[in-house]
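Descriptive analysis of the structure
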Amino acid sequence: MAYYITKLIITTILIVLISEIAKRSSLAGALLAAIPLVSILAMTWMYVDTNNSDSAVEFSNRIVWLIAPSMTLFIAFPYLIKKEIGFYPSLFISTALTIVAYYSVIFVLEKFGIKL
């Protein structure tokens, strides 16, 4: 249980730290957010939990295929904000579009025999 709480605390601190840095400097916050910290943490926790790097490698390989559809959020959100849709509706719509993009990529990859 202590290990699980430690994982939660470390992960939470990193996310809060990035958001606080972003308040002071959007560039510094963006640079830190662009680093795949969540992926790094997930791979680290997988390795620590299993002492086997195979699951982290598989996880990493799958992420590669999902990078492109994740860009949907970062393209749609500012576009919708500029159209004066509002913050929360823009966030919701761009998130929904990103989910559709993820499923579309997974569907297309499966047609080519690539199973994520």
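Here the structure is a predicted model, which means the values were calculated and not measured.

The share of residues in the protein chain with pLDDT of 70 or more is 100%, and the mean pLDDT across the chain is 92. When the elements of the protein chain are averaged for pLDDT, helix 2 (residues 26–34) gives the smallest value, 87, and helix 5 (residues 87–111) the largest, 97.

Attention now goes to unusual backbone geometry. For Asn-51, which is not a glycine, the phi torsion comes out positive at approximately 55 degrees. Mapping Asn-51 onto the fold places it in the loop between helix 3 (37–50) and helix 4 (54–82). With a phi close to 60 degrees, Glu-84 is a non-glycine residue in the positive phi region. Inspection of the secondary structure assignment puts Glu-84 in the loop between helix 4 and helix 5. The class of Glu-84 is exposed, set by a relative accessible area of 72%.

Moving on: helix 4. Taking 1.5 Å per residue as the helical rise, helix 4 with its 29 residues ought to reach 42 Å, and the 43 Å between its terminal C-alpha atoms agrees with that figure. For helix 4, the principal kink sits at Ile-67 and spans about 45 degrees; a proline, Pro-69, occurs within the next four residues. Residues of helix 4 that are buried: Ala-56, Pro-69, Ser-70, Ala-76 and Leu-80. Buried residues belonging to helix 4 abut helix 3 and helix 5. Immediately beyond the C-terminal end of helix 4, within one or two residues, lies Glu-84, with a positive phi of roughly 60 degrees.

All chains considered together, the criterion is met by five salt bridges. With a shortest N-O distance of 3.5 Å, Glu-20 and Arg-24 are connected by a salt bridge. Of the two residues, Glu-20 and Arg-24 are both situated in helix 1 (residues 2–24); the distance of four residues between them amounts to about one turn of the helix. With a closest N to O distance of 3.9 Å, Lys-115 and Glu-110 form a salt bridge. Judged by its relative accessible area of 41%, Glu-110 falls in the partly exposed class. If you follow the salt bridges from partner to partner, you end up with Glu-20, Lys-23 and Arg-24 in one network.

The next thing to look at is a nonpolar patch on the surface. On the surface, a cluster of nonpolar side chains totalling about 750 Å² of accessible area is made up of Met-1, Tyr-4, Ile-5, Leu-8, Ile-9, Ile-13 and Leu-17. In this structure Leu-17 comes out as partly exposed when scored by relative accessible area, which is 45%.

Let's shift gears to the packing of aromatic side chains. Applying the stated criterion to the full structure yields three aromatic pairs. Each ring, one from Phe-77 and one from Phe-87, has its centre 5.5 Å from the other, and the planes form 90 degrees; the classification is edge-to-face. Linking Phe-77 in helix 4 with Phe-87 in helix 5, this pair joins segments that are ten residues apart in sequence. Accessibility expressed as a relative area gives 22% for Phe-77, which makes it partly exposed. Given the relative accessible area of 47%, Phe-87 is considered partly exposed. An aromatic cluster is built from Phe-77, Phe-87 and Tyr-88, whose rings are joined through pairwise contacts.

Cut-offs used in this document
For every chain, the first residue of its written sequence is number 1, and the numbers climb from 1 along that sequence. A pLDDT threshold of at least 70 governs which residues receive local features in this predicted model, and a stricter bar of 80 or more applies before side-chain atom pairs are shown or counted, although totals over entire chains, interfaces and linings include all residues. With hydrogens and water stripped out, all remaining heavy atoms of the structure feed into the side-chain values. On a range of 0 to 100, pLDDT expresses the predictor's confidence in each residue. Each helix is a run of DSSP H or I of at least 4 residues and each strand a run of E of at least 2, with the numbering of both proceeding from the N terminus. Throughout, exposure labels follow a simple rule: accessible area from a 1.4 Å probe, protein chains only, divided by the maximum for the residue type, with under 20% read as buried, over 50% as exposed, and the rest as partly exposed. Given a helix with a known number of residues, its expected span is that number minus one, times 1.5 Å. To obtain the bend at a residue, axes are fitted to the seven residues ending there and to the seven starting there, and the angle between these axes is taken. We call two residues in contact when some of their heavy atoms are within 4.5 Å. Any Lys or Arg side-chain nitrogen found within 4 Å of a carboxyl oxygen on Asp or Glu counts as a salt bridge. Residues form patches when they are more than 30% accessible in relative terms and have no salt bridge. Like charges link within 9 Å. Nonpolar side chains (Val, Leu, Ile, Met, Phe, Trp, Tyr) link within 5 Å. Using a 1.4 Å probe, the Shrake-Rupley method yields the accessible areas, and only the shown protein chains count as cover for residues. Geometry of aromatic contacts follows a simple scheme: Phe, Tyr and Trp rings, the Trp one being its six-membered ring, pair when their centres are within 6.5 Å, and the pair is stacked under 30 degrees between planes, edge-to-face over 60, tilted otherwise.

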